[in-house]
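Residue strings, one per chain:
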Amino acid sequence: MAQAQLAARIDIRVKRAIEKTCETRGLKIGRFVENALIDKLEELADLEDIKKIRREPTRPLAEVIRDLGLDGEI
């Protein structure tokens, strides 16, 4: 996988917390930061999906149960 360098200015307290956490847990800082960024990107993508889903039409539960052939089983 190709790699690129990323530089950002962050609060010194955040940097120290990252360093301490990585040292304590035996993690590499680069991997820790990359995983955190991936998690955030996935979270933002999920939020977009939720916005789309909220606009979808809904159906009454009784109708869904009937369509699944589960009448009287619940």
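Our structure is the block above this text.
Worth saying up front: this structure is predicted, and the values here are computed from it rather than measured.

Colleague: Residue-level account of the overall build of the protein, with values.
Modeller: From N to C terminus, the protein includes three helices and zero strands. For the protein, the α and β elements follow one another from N to C terminus as α-α-α. Whereas a compact globule of 74 residues would reach a radius of gyration of roughly 11 Å, the protein reaches 23 Å, over 25% beyond that. Projected onto its principal axes, the C-alpha coordinates of the protein cover approximately 60 × 30 × 25 Å. In the protein, which comprises 74 residues, the proportion classed as buried is 4%.

Colleague: Requested: an account of a negative patch on the surface, with residues and values cited.
Modeller: A cluster of acidic side chains, namely D39, E42, D46 and D49, defines a negative patch on the protein surface. Among the secondary structure elements, D49 is positioned in helix α2 (residues 29–54). With a relative accessible area of 38%, D49 lands in the partly exposed category.

Colleague: Run through the layout of surface pockets, naming residues and quoting values.
Modeller: Approximately 680 Å³ is the volume attributed to the largest pocket. In this structure, the largest pocket is lined by 21 residues; those nearest its centre are L6, G30, V33, E34 and L37. Each residue belonging to the lining of the largest pocket can be placed in one class, and the counts come to 14 nonpolar, three polar and four charged.

Colleague: Tell me about a nonpolar patch on the surface, and name the residues and values.
Modeller: Residues L6, I29, V33 and L37 make up a contiguous nonpolar surface patch of roughly 350 Å² in combined accessible area. Inspection of the secondary structure assignment puts I29 in helix α2.

Colleague: Which residues make up helix α1 (residues 12–25), and what values go with them?
Modeller: A rise of 1.5 Å per residue sets the reference length of α1, with its 14 residues, at 20 Å; its end C-alpha atoms lie 20 Å apart and thus fit the reference within 8%. Phi turns positive one or two residues past the end of α1, at G26, with a value near 70°.

Rules used throughout
- Residues numbered from 1 in each chain as written.
- Predicted model: local features only at pLDDT ≥ 70, side-chain atom pairs only at ≥ 80, totals over all residues.
- Heavy atoms only, no water.
- Helix = DSSP H or I, 4+ residues; strand = E, 2+ residues; numbered from the N terminus.
- Rg over C-alpha atoms; globule rule 2.2 N^0.38 Å.
- Buried < 20%, exposed > 50% of the residue type's maximum accessible area, 1.4 Å probe, protein only.
- Patch = residues over 30% accessible without salt bridge, like charges linked within 9 Å, V, L, I, M, F, W, Y side chains within 5 Å.
- Areas by Shrake-Rupley, 256 points an atom, 1.4 Å probe, with all protein chains shown as cover.
- Salt bridge = Lys/Arg side-chain N within 4 Å of Asp/Glu carboxyl O.
- Lys, Arg positive; Asp, Glu negative; His and termini not counted.
- Charge placed at Lys NZ, Arg CZ, Asp CG, Glu CD.
- 1 Å grid on protein atoms, 1.4 Å probe; cavity = no way out; pocket = protein on both sides within 12 Å on 5 of 7 lines; lining within 4 Å.
- Points joined across faces, edges and corners; volume = space filled by probe spheres on them.
- Nonpolar A, V, L, I, M, F, W, Y, C, P; charged D, E, K, R; others polar.
- Expected span 1.5 Å × (residues − 1).

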